[in-house]
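# Coordinate analysis (summary)
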Amino acid sequence: MLSLLNEDVILVSDGVGKVIAATSPIQTRDRVARILLDGFGRIQGKLHIEAASLNGEKLND
């Protein structure tokens, strides 16, 4: 999992007012990996993950 994430990764979540989500961005590769690995085991219902560019930066391929 760690090899898939950049060192400066930031996880931003939004529950759209319907589910619990982190109230602030999760930073660092270790913390993001821990949240993702732990969270996948608890997810109930539909999951949507989307990579998005910010500030006009291109996504890594």
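Being a predicted model, the structure only gives us computed values, none of them experimental.

About the cut-offs
- Residues numbered from 1 in each chain as written.
- Predicted model: local features only at pLDDT ≥ 70, side-chain atom pairs only at ≥ 80, totals over all residues.
- Heavy atoms only, no water.
- Helix = DSSP H or I, 4+ residues; strand = E, 2+ residues; numbered from the N terminus.
- Contact = heavy atoms within 4.5 Å.
- Areas by Shrake-Rupley, 256 points an atom, 1.4 Å probe, with all protein chains shown as cover.
- pLDDT = per-residue confidence, 0-100.

## As for the overall build of the protein
When you go through the protein residue by residue, the secondary structure sums to one helix and two strands. Helices (α) and strands (β) of the protein occur, in sequence order from the N terminus, as β-β-α. Once local pairs closer than 6 in sequence are excluded, the contacts in the protein between residues at least 24 apart make up 32%. Element-wise, carbon and sulfur atoms account for 51% of the exposed surface of the protein, whose accessible area totals about 5800 Å².

## Considering the confidence of the model for the protein
The predicted structure's coordinates, where accompanied by low pLDDT, should not be read in detail. When pLDDT is averaged along the protein, the result is 78; 79% of the residues meet or exceed 70. Taken element by element, the predicted model of the protein shows its lowest mean pLDDT in helix α1 (residues 29-40) (84) and its highest in strand β2 (residues 26-27) (92).

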